[in-house]
Amino acid sequence: MPDSEILDHMALRQELIGRAHDMFPVLRERAPEAERNRRVPDETQQAFVEAGFYRIFQPRRYGGYEMDFQVMLDICSELGRGCGSSSWVYSNVTGQSWINGMKDEQAQDDVWADNPDALIASAFPGKGASVKAVDGGWVADGQWSFSSGIDFVDWVNLQLFVKQEAGPPQHFFAIVPRSDYEIVDDWFANGLAATGSRSLRVKDV
């Protein structure tokens, strides 16, 4: 990387951390209402989008910054001073863009080609969730849980554990669009209530 690009990268890094630092007062002000509503406010998420926070791991061809993991930790540290739930949701959602950036180009294009601001949550299989292998892929059915930020994302990264004839299940990720799942309002937690870590339901997807 040329020296000029390194300097630009360092300047952007500090700019992003500074933007997160400046959000501290408004995040603290919104935190009590966010806890009561059991989700981070849309205004907060939009502010994160406009600040460029979700682009830190995104590939450059979609307008991303391809930064290192420490940048996310630094941003989270600042956001968490104002609202722990907002910081938690940010780290989970931006972490999924990091994972999607390691997938093949088709998966990346599916998410970002038409909408570079598209966001991704993740979810773990709940009780009764099933995955079966079919020709060319898998079929998922049932409920997946602990999907922080599910209220405002465009996609969800389902974690699939596919049974094998011999040996332990294999672990896969499947990127699923919002049109293919239903949000289940079941997040009633005492702590970090505002993370909105609800479940979602898929039917033979």
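Conventions and cut-offs
Residues numbered from 1 in each chain as written. Predicted model: local features only at pLDDT ≥ 70, side-chain atom pairs only at ≥ 80, totals over all residues. Heavy atoms only, no water. Helix = DSSP H or I, 4+ residues; strand = E, 2+ residues; numbered from the N terminus. Rg over C-alpha atoms; globule rule 2.2 N^0.38 Å. Buried < 20%, exposed > 50% of the residue type's maximum accessible area, 1.4 Å probe, protein only. Contact = heavy atoms within 4.5 Å. Areas by Shrake-Rupley, 256 points an atom, 1.4 Å probe, with all protein chains shown as cover. Lys, Arg positive; Asp, Glu negative; His and termini not counted. Charge placed at Lys NZ, Arg CZ, Asp CG, Glu CD. Arc of directions from axis to C-beta. Pairing = 2+ DSSP bridges. Core = buried A, V, L, I, M, F, W, Y, C linked by side-chain atoms within 4.5 Å. Polar contact = N/O pair within 3.5 Å; in protein donor to acceptor, adjacent residues only side chain to side chain. Axes fitted to C-alpha atoms, helices over the stretch in contact; angles between N-to-C directions. Parallel < 35°, antiparallel > 145°, perpendicular 65-115°, else oblique. Nonpolar A, V, L, I, M, F, W, Y, C, P; charged D, E, K, R; others polar.

Asks: Help me understand the overall build of the protein, please; the structure alone is not making it clear to me.
Replies: On a plain count of helices and strands, the protein comes out with 6 helices and 7 strands. The helix and strand sequence of the protein, counted from the amino end, reads α-α-α-α-α-α-β-β-β-β-β-β-β. Relative to its length of 205 residues, the protein is compact, with a C-alpha radius of gyration of 18 Å against a globular reference of 17 Å. With respect to the three principal axes, the spread of C-alpha positions in the protein is 50 × 45 × 30 Å. For the protein, the residues scored as buried account for 45% of the 205 residues in total. Across the protein, every contact between residues at least 6 apart in sequence was considered, and the portion connecting residues at least 24 apart equals 62%. Accessible surface computed for the protein: about 10800 Å², of which carbon and sulfur atoms make up 51%. The average position of the 19 basic charges and that of the 31 acidic charges among the side chains of the protein differ by 7 Å.

Asks: Looking at this model, I keep getting lost on helix α6 (residues 105-112). Mind explaining?
Replies: In an α-helix, one turn spans 3.6 residues; hence positions three or four apart end up facing the same way. Of the positions making up α6, those classed as buried are A107, Q108, V111 and W112. Projected down its long axis, α6 shows its buried positions confined to an angular sector of 105 degrees, all on one face. Along α6, exposed side chains directed more than 90 degrees from the buried face belong to E105 and Q106. On the buried face of α6, the contacting elements are α5 (84-100), β1 (120-125), β4 (155-162) and β5 (170-177).

Asks: Where do I start with the pairing of strand β2 (residues 130-134) in this structure?
Replies: A regular strand carries its side chains on alternate faces of the sheet. Pairing geometry for β2 and strand β3 (residues 137-147), over 5 bridges, is antiparallel. Bridged to V131 within β3 is A140. Taking the residues between adjacent antiparallel strands as the criterion, β2 and β3 are bridged by 2 residues, where G136 takes a positive phi near 90 degrees.

Asks: Explain unusual backbone geometry here, please?
Replies: In this structure, F146 is a non-glycine residue whose phi angle is positive, near 55 degrees. Mapped onto the elements, F146 comes out in strand β3. The phi torsion at L192 lies on the positive side, around 50 degrees, for a residue other than glycine. Position of L192 relative to the elements: it lies in the loop between β6 (182-184) and β7 (198-202).

Asks: Any chance you could explain the nonpolar core here in plain terms?
Replies: The nonpolar side chains of a soluble globular protein tend to be buried with one another. F53, I75, Y90 and L158 are the most contacted members of the largest nonpolar core, which totals 41 residues. For this core, the element with the most residues is helix α4 (residues 69-82), which contributes 5 residues.

Asks: Got a minute to help me understand α4 in this structure?
Replies: Of all the residues in α4, the buried ones are V71, M72, I75, C76, E78, L79 and G82. Looking down the long axis of α4, one finds its buried residues gathered within 165 degrees of arc, a one-sided arrangement. The N-cap residue of α4 is D68: its side-chain oxygen and the backbone nitrogen of Q70 are 3.1 Å apart.

Asks: Please explain the packing of helix α2 (residues 24-37) against α4 as it appears in this structure.
Replies: The packing of two helices is summarised by the inter-axis angle and the distance between the axes. Packing of α2 against α4 brings their axes to within 6 Å, and their N-to-C directions diverge by 45 degrees. Considered as vectors, α2 and α4 are oriented oblique to each other. Touching F24, L27, R28 and A31 of α2 are L79, R81 and G82, all from α4. When the residues that make up the contact of α2 with α4 are grouped by side-chain class, the tally is 4 nonpolar, 1 polar and 2 charged.

Just geometry here; none of it tells us what the structure is for.
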